[in-house]
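# Examining the three-dimensional arrangement
This is what each chain is made of:
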Amino acid sequence: LQSATSVKEYTLAFVLRNNEDGAQILLGTKKRGFGLGKLIGFGGKIEPSDASVADAAARELMEEANIVVRGSDMQPVGSLVYTFENQPQVMHMHVFVATAFEGEPAESDEMRPEWFQCDAIPYDDMWADERFWLPALLEGKTVVGQFDFAQDEVTIVASKFDIA
Ligand code: 6OG
């Protein structure tokens, strides 16, 4: 596994709901920047002004999907490190699940939100690591691990993760 010379902290939050169609997950198509065109959860860099990691996750959900989740309703469910070949900076992503929220998801400059059935998540449209751990999170489990990506941002060169 590739090692770090500097680490940037990120959040990633998945909002879940139950309706007459069954369990659903809120995902968004990334409209700009890193991961353009990919379907992902909502999140971004933790800012010095964020009071906590959970608050950072809540802020990103507000900015990107226009929904309100209280920091205390952000359930920490994962800690994942990403490296990219020939890139000394690594990402540390704090993963959350929220089942309580207020508001209707709405499109932002950065993301186009959409509800998906939890049993029909289009993993082919997501970062390649998600298929390995998101199903476990939907069963109430947690994940800790590392994924090393090639420069193409598609190929996973090495990985090590624990689901509990
Ligand atoms: P901004 O740079 O737009 O935040 N993210 C990843 N998520 C997964 N599952 N796999 C990856 O593989 C990822 N790389 C980044 C973290 C980017 C958002 O995308 C997530 C952030 O929530 C490398 O601010």
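To be clear, the structure that these remarks concern was listed above.
To start, this report covers the structure provided alongside it. Note that this is a predicted model, so its numbers are computed, not measured.

### Quick notes on the site of the ligand
In the vicinity of the ligand, 19 residues are found, and the nearest of them are Thr11, Lys30, Glu110, Asp129 and Glu130. Residue lysine 30 places a side-chain N or O atom 2.9 Å away from an oxygen atom belonging to the ligand. One of the side-chain N or O atoms of glutamate 110 is found 3.2 Å from an oxygen atom in the ligand. Burial of the ligand by the protein amounts to 95% of the accessible area it has alone, namely 530 Å². Mapped by element, the contributors of at least two residues to the shell around the ligand are strand S1 (6-19), strand S4 (75-84), strand S5 (87-98) and helix H2 (130-138). Sort the elements by how many residues they give to the shell around the ligand and S1 lands first, with three residues. Looking at the shell around the ligand residue by residue, the classes come out as 11 nonpolar, three polar and five charged.

### Here we look at the pattern of salt bridges
Taken as a whole and judged by the stated rule, the model has nine salt bridges. Between arginine 59 and glutamate 60 there is a salt bridge, with its nearest N and O atoms 3.2 Å apart. Salt bridges sharing common partners tie together Asp50, Arg59, Glu60 and Glu63.

### Examining the side chain of histidine 92
Considering the arrangement of structural elements, one finds histidine 92 in strand S5. A distance of 2.8 Å separates polar atoms of two side chains, one belonging to histidine 92 and the other to glutamate 9. A polar atom in the side chain of histidine 92 sits 2.8 Å from the side chain of serine 79. Sequence-distant contacts of histidine 92, that is, excluding residues within four places in its chain, are made with Val7, Lys8, Glu9, Tyr10, Ser79, Leu80 and Val81.

### Let's talk about the packing of aromatic side chains
Ring pairs (aromatic) are described by centroid distance and by the angle formed between their planes. Going through the model one piece at a time under the given rule, you end up with 12 aromatic pairs. Measuring from centroid to centroid gives 6.2 Å for tyrosine 82 and phenylalanine 147, while their planes differ by 20°, and the two rings are stacked. Taken as a pair, tyrosine 82 in strand S4 and phenylalanine 147 in strand S7 (residues 143-149) lie far apart in primary sequence, 65 residues in all. The pair formed by tyrosine 82 and phenylalanine 147 is uniform in burial state, with each residue classed as buried. Note on phenylalanine 132 and phenylalanine 161: the rings are 6.0 Å apart at their centroids and 45° apart in plane angle, and the pair reads as tilted. Taken together, the positions of phenylalanine 132 in helix H2 and phenylalanine 161 in strand S8 (residues 156-163) put the pair 29 residues apart, joining distant regions of the chain. Sitting above the plane of the tryptophan 115 ring, arginine 17 keeps its charged end 4.0 Å from the centroid. Of note, lysine 38 hangs over the ring of tryptophan 127, and the distance from its end group to the ring centre comes to 4.1 Å.

### Here's the deal with the side chain of lysine 30
Topologically, lysine 30 is positioned in strand S2 (residues 22-30). The class of lysine 30 is buried, set by a relative accessible area of 9%. Discounting chain neighbours no more than four positions away, the residues touching lysine 30 are Gly35, Leu36, Gly37, Lys38, Ile40, Glu110 and Met111.

What counts and what doesn't
Residues numbered from 1 in each chain as written. Predicted model: local features only at pLDDT ≥ 70, side-chain atom pairs only at ≥ 80, totals over all residues. Heavy atoms only, no water. Near = heavy atom within 4 Å. Polar contact = N/O pair within 3.5 Å; in protein donor to acceptor, adjacent residues only side chain to side chain. Areas by Shrake-Rupley, 256 points an atom, 1.4 Å probe, with all protein chains shown as cover. Helix = DSSP H or I, 4+ residues; strand = E, 2+ residues; numbered from the N terminus. Nonpolar A, V, L, I, M, F, W, Y, C, P; charged D, E, K, R; others polar. Salt bridge = Lys/Arg side-chain N within 4 Å of Asp/Glu carboxyl O. Contact = heavy atoms within 4.5 Å. Phe/Tyr/Trp six-rings, centres within 6.5 Å; stacked < 30°, edge-to-face > 60°. Buried < 20%, exposed > 50% of the residue type's maximum accessible area, 1.4 Å probe, protein only. Lys NZ or Arg CZ within 6 Å of the ring centre and 35° of its normal.

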